[in-house]
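Each chain, letter by letter, is given below.
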Amino acid sequence: MTLDNIKEEIEKAKTVVILTHESPDGDAIGSSLAMYQALKQLGKDVDVVIPEHPRTFDFLPCANEIKKAGREDIQYDLGIALDCTDTNRLEGFEPWYDTAKTKISIDHHGTNAMFADYNYVDPVAPACAQILIVVLTSIGININKDIGTCILAGIITDTGGFKYEGVTTETFEFTANLLRLGVNVSEVYKKVLQVKTIANFELTKLAVNRMEFFENGKIAFTYITKMDEENVNAQPR
């Protein structure tokens, strides 16, 4: 059984690297930080590598411990890819995953390429973070307030604040349990979905001004460029 294999590989590993997809969203970042804290709880030597991420998620516990690159002086015992359909989406930082002795993928996309040694993919789950609750519980992790906050950020991001069709009864049950742990659901919701930087507003204004409509208003098209992001200082850190 895959969960048993994942538990065994995590228990064996001394060094672990956690990676996620390029242009990471709240689910990717929240899941990565939740797994990072869980493995630290187990006493693992672990790195979470996300070369660039939106400053919106700097409020998450341990966000200041994210690294832009993995270590060059070791071969990681275990590489864990989260919320990622294939290694191409790891883009320029996949070497640390490719060279890991054992590879695990945890994801919720039905298009997952099953690229790891052990793949735990649940396409019914609305967020990778929701799957992590099952995974972390199965390996004996104490899901505390900090881990729960990261998980909730992922769930809120990928469910659009619980409004998308993929939301399940388990989504609300898990969220209720996170509330019991002291996770501030309304605060996480505000920071993930409602807090906007000046750069965000500037980009939105550009996108609205460039909007074009086709097929009698049924199709809308707009765009922003890399230069636009640079001009409004919207680059992730």
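Since this is a predicted model, take the numbers as computed values, not measurements. Throughout, residues of each chain are indexed from 1 in the direction in which the sequence is written. Owing to the predicted nature of the model, reporting of local features is limited to residues with pLDDT of at least 70; listing and counting of side-chain atom pairs is limited to 80 or more, with chain, interface and lining totals taken over all residues. Side-chain metrics in this entry use all non-hydrogen atoms of the structure; hydrogen atoms and water are not considered.

Draft legend 1. Geometry of the pattern of salt bridges. A carboxyl oxygen of Asp or Glu within 4 Å of a side-chain nitrogen of Lys or Arg is what we treat as a salt bridge. Under the criterion given, the structure shown has eight salt bridges. For Lys-67, the salt bridge is made with Asp-47, and the minimal N-O distance between the two is 2.9 Å. Of the two residues, Lys-67 is situated in the loop between strand 2 (45-49) and strand 3 (78-82) and Asp-47 in strand 2; the sequence distance between them amounts to 20 residues. Across the pair Asp-228 and Arg-210 runs a salt bridge whose closest N-O atoms are separated by 2.6 Å. On the criterion of sequence distance, the pair formed by Asp-228 in helix 9 (residues 226-231) and Arg-210 in the loop between helix 8 (198-209) and strand 6 (212-214) is long-range, its members being 18 residues apart. Partly exposed describes any residue whose relative accessible area lies between the buried limit of under 20% and the exposed limit of over 50%, with all areas from a 1.4 Å probe on protein chains only and scaled to the type maximum. We classify Arg-210 as partly exposed; its relative accessible area is 23%. Helical segments are the DSSP runs of H or I of at least four residues, strand segments are the runs of E of at least two, and each set is numbered from the N terminus.

Draft legend 2. Looking closely at the pairing of strand 3. Among the five residues in strand 3, five count as buried, and that is most of the element. With burial as the criterion, each face of strand 3 is covered, one bearing Leu-78, Ile-80 and Leu-82 and the other bearing Gly-79 and Ala-81. For two strands to be treated as a pair, DSSP must find no fewer than two bridges joining them. Here strand 1 (residues 15-20) pairs with strand 3 via five bridges, running parallel. Bridge pairing in strand 3 places Thr-20 opposite Leu-82. Relative to strand 4 (residues 102-107), strand 3 runs parallel, the two being bridged by five bridges. Among the inter-strand pairings, Leu-82 is bridged to a residue of strand 4, identified as Ile-106.

Draft legend 3. Structural context of the packing of helix 2 (residues 26-41) against helix 4 (residues 128-138). Under this scheme, a helix contributes an axis fitted over its contacting stretch, all axes are lines through C-alpha atoms, and angles between N-to-C directions fall in the 0 to 180 degree range. Two numbers describe how helix 2 lies on helix 4: the axes approach to 9 Å, and their chain directions differ by 15°. Between helix 2 and helix 4, the angle falls in the class roughly parallel. Between helix 2 and helix 4 the crossing geometry is right-handed. Residues Asp-27, Ser-31, Ala-34, Met-35 and Ala-38 of helix 2 form the contact with helix 4, whose participating residues are Cys-128, Ala-129, Leu-132 and Leu-136. Gly counts as polar in this scheme, as do all residues outside two lists: the nonpolar Ala, Val, Leu, Ile, Met, Phe, Trp, Tyr, Cys and Pro, and the charged Asp, Glu, Lys and Arg. Partitioned by chemical class, the residues of the contact of helix 2 with helix 4 number seven nonpolar, one polar and one charged. Small angles under 35 degrees read as roughly parallel and large ones over 145 as roughly antiparallel, with 65 to 115 read as roughly perpendicular and the rest as oblique. Put simply, a crossing is left-handed when the front helix is turned counterclockwise from the back one by less than a right angle, and right-handed when it is turned clockwise. By definition, residues are in contact when any of their heavy atoms lie within 4.5 Å.

Draft legend 4. Local environment of the sheet that holds strand 4. If you walk across this open sheet you meet the five strands as 2-1-3-4-5, and the pairing is parallel. The strands lining the two open edges of the sheet, one partner per strand, are strand 2 and strand 5 (118-121). Averaged over all pairs of adjacent strands, the angle between strand axes in this sheet comes to 15°, irrespective of strand direction. Taken together, the four bridges between strand 4 and strand 5 define a ladder with parallel strand orientation. Across the sheet, the residue bridging to Ile-104 is Tyr-118, located in strand 5. Across the sheet, helix 1 (residues 2-12) is in contact with strand 3, strand 4 and strand 5; its angle to strand 5 comes to roughly 125°.

Draft legend 5. Representation of the packing of helix 2 against helix 5 (residues 145-159). In contact at an axis separation of 7 Å, helix 2 and helix 5 are set at 160° when each is read in the N-to-C sense. Classified by the interaxial angle, the pair formed by helix 2 and helix 5 is roughly antiparallel. Relative to helix 5, helix 2 is oriented so that their crossing is left-handed. On the side of helix 2, the interface is formed by Gly-26, Asp-27, Gly-30, Ser-31, Leu-33, Ala-34, Gln-37, Ala-38 and Gln-41, while helix 5 contributes Asp-146, Ile-147, Cys-150, Ile-151, Ala-153, Gly-154, Thr-157 and Asp-158.

Draft legend 6. View of helix 1. Every buried residue of helix 1 is accounted for by Leu-3, Ile-6, Glu-9 and Ile-10. Along the long axis of helix 1, the arc covered by the buried residues comes to 125°, so they all point the same way. Residues Glu-11 and Lys-12 are exposed on helix 1 and point more than 90 degrees away from its buried face. At its buried positions, helix 1 is contacted by helix 2, strand 3, strand 4, strand 5 and helix 4. An arc is given here, and it is the one of the directions from the helix axis to the C-beta atoms.

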